[in-house]
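# Inside the fold
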Amino acid sequence: MPRCRFCGKKSELFLRYARLPLCKKCFIAYYQRKVREALEKFNIEKDATIAVALSAGKDSVALLHSLSALREVKAIHIALGIEGHSDKLLESCKKLCKDLNIELILFDLKKELGISASDFRKINKKVCSVCGTVKRYLLNKIAWENSIDYVATGHNADDTASAILRNFLTGNIALLARIEFFSPKDEKFKLVGKIKPLYRTLEFENKMYCDILELPYVAEQCPLAKRAMQNEVKALIDSLEKRMPEIKLRIITNYFKMKPLFEEYAKKERKVEFKLCKQCGYATVSDKCKFCKTIEKLQKVRNKTKSF
Ligand code: AMP
Ligand code: ZN
């Protein structure tokens, strides 16, 4: 076994993409340094309040721990009410935040709005798309109401590389142009800043970080998720990675080089201008926001079912 590149002690792991032998202790420091560098790249002010969108999965758990080693953070968890699944996530989040002494802001979809993610399928076959709309809206609203400046999500380099390739394969240039790792706060439209500090951190590194530090996380996948295309593209990149360990990071680097071209193209297609939703007062591109329309549909379906 070679020596750890940083401290010279016996190495315990090898990061193939960087040809880097490390001991566990130096891996944790290396990981936290990458998170710190991401915050510096995004120019996050030292006194800004950050909340991690905590799902209980390994990515957001590793993000919460590593950020808390650098500065004060809070966590937000949305309980989606999925039978046999959501309770496990909630318990895991509670345990982690208690262990790390971090404030956990909870939002229970069932209690607050009378709906659960199990209802999403009734209005749209693409459950993940409805779930994404609901989560994005609520994370912003909860953060705004709690005077949080930035919401940090656990999107990792595997997610990013597969999203880039997927949109490229389907030719969705508008979505391709909109892949962001940082978006600033916009007071006028009640938008908090959004950051993805793990955008260059690989999924296996997040798992390794949690496992080394014995952080609690839930490995079980969401039982409602059917991400056929996403899974196939991920499998394709995973297979390429065997021969080219740096492929995922290379896709992201190349994306950055081409992003201005996609943005230019998307600008010609449709210009997005924000307004405030007539119903809830948060940002939208039409009169009523996607979230308000979705909740209305869900509540209608629910009431219909009830009266039968
Ligand atoms: P996903 O959309 O499930 O791939 O998750 C991407 C990121 O969104 C995670 O890494 C979390 O930061 C955040 N997230 C997902 N689900 C939740 C949830 N139920 N509550 C809070 N944040 C979440
Ligand atoms: Zn609205």
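That block above? That's the structure.
This section reports on the structure supplied with the text. (Residues numbered from 1 in each chain as written. Chains lettered and ligands numbered in written order. Predicted model: local features only at pLDDT ≥ 70, side-chain atom pairs only at ≥ 80, totals over all residues. Heavy atoms only, no water.)

Attention shifts here to the site of ligand 1. Around ligand 1, the structure places Ala53, Leu54, Ser55, Ser60, Ile76, His77, Ile78, Lys135, Thr153, Gly154, His155 and Arg227. At 2.6 Å, a backbone N or O of alanine 53 approaches an oxygen atom of ligand 1. Measuring from a nitrogen atom of ligand 1, one finds a backbone N or O atom of leucine 54 at 3.5 Å. Compared with its free state, where it exposes 480 Å², ligand 1 has 80% of that area covered by protein. Broken down by class, the residue content of the shell around ligand 1 amounts to four nonpolar, six polar and two charged. (Near = heavy atom within 4 Å. Polar contact = N/O pair within 3.5 Å; in protein donor to acceptor, adjacent residues only side chain to side chain. Areas by Shrake-Rupley, 256 points an atom, 1.4 Å probe, with all protein chains shown as cover. Nonpolar A, V, L, I, M, F, W, Y, C, P; charged D, E, K, R; others polar.)

Here we take up the nonpolar core. Counting residues in hydrophobic clusters, the biggest one holds 62 residues, and the most contacted among them are Leu22, Phe27, Ile50, Leu64 and Leu67. If one sorts the elements of this core by residue count, helix H1 (residues 24–41) sits on top with eight residues. Non-local contacts of leucine 64, meaning those with residues more than four positions away in its chain, are made with Val52, Leu54, Val73, Lys74, Ala75, Leu96, Cys97, Leu100 and Ile102. One finds Ala53, Ile76, Ile82 and Ile295 within the second-largest nonpolar core, a separate group that totals 32 residues. (Core = buried A, V, L, I, M, F, W, Y, C linked by side-chain atoms within 4.5 Å. Buried < 20%, exposed > 50% of the residue type's maximum accessible area, 1.4 Å probe, protein only. Helix = DSSP H or I, 4+ residues; strand = E, 2+ residues; numbered from the N terminus. Contact = heavy atoms within 4.5 Å.)

What follows concerns the coordination of the zinc ion (ligand 2). At 2.2 to 2.4 Å from the zinc ion (ligand 2) lie its protein donor atoms, namely Cys277 (SG), Cys280 (SG), Cys289 (SG) and Cys292 (SG). Positions of the donor residues of the zinc ion (ligand 2), expressed as sequence spacing, correspond to C-x2-C-x8-C-x2-C. Here cysteine 292 lies in helix H11 (residues 290–307) and cysteine 277 lies in the loop between strand S9 (275–276) and strand S10 (283–284), a separation of 15 residues in the sequence. For cysteine 292, a relative accessible area of 8% gives the class buried. (Donors = N, O, S within 2.8 Å, 3.2 Å for Na, K, Ca; no water.)

Before going further, it helps to examine the pattern of salt bridges. Tallied over the entire structure, the rule returns 25 salt bridges. The salt bridge involving aspartate 99 is made with lysine 95; its shortest N-O contact spans 2.8 Å. Of this pair, aspartate 99 and lysine 95 both sit in helix H3 (residues 86–100), four residues apart, which is roughly one turn of that helix. Taking relative accessible area as the criterion, aspartate 99 reaches 48% and is therefore assigned partly exposed. (Salt bridge = Lys/Arg side-chain N within 4 Å of Asp/Glu carboxyl O.)

With that out of the way, let us pick up a nonpolar patch on the surface. Among the surface-exposed residues, Val272, Phe274 and Val285 lie close enough to one another that they form a single nonpolar patch of about 250 Å² accessible area. Residue placement: valine 285 occurs in the loop between S10 and H11. (Patch = residues over 30% accessible without salt bridge, like charges linked within 9 Å, V, L, I, M, F, W, Y side chains within 5 Å.)

Backbone geometry at asparagine 43 places phi at a positive 60°, although glycine is not the residue there. Within the chain, alanine 56 stands out as a residue other than glycine whose phi angle is a positive 90°.

Here the focus is the packing of aromatic side chains. For the structure shown, the criterion picks out 14 aromatic pairs. Ring plane angle 50° and centroid distance 5.7 Å describe the contact between phenylalanine 189 and phenylalanine 274, whose orientation is recorded as tilted. Placement of phenylalanine 189 in the loop between strand S7 (182–183) and strand S8 (193–195) and of phenylalanine 274 in the loop between helix H10 (247–269) and S9 is noted, with a sequence separation of 85 residues between them. Taking relative accessible area as the criterion, phenylalanine 189 reaches 13% and is therefore assigned buried. Grouping aromatic residues by their ring pairs yields a cluster made of Phe42, Tyr150, Phe181, Phe182, Tyr199, Tyr255, Phe256 and Phe262. (Phe/Tyr/Trp six-rings, centres within 6.5 Å; stacked < 30°, edge-to-face > 60°.)

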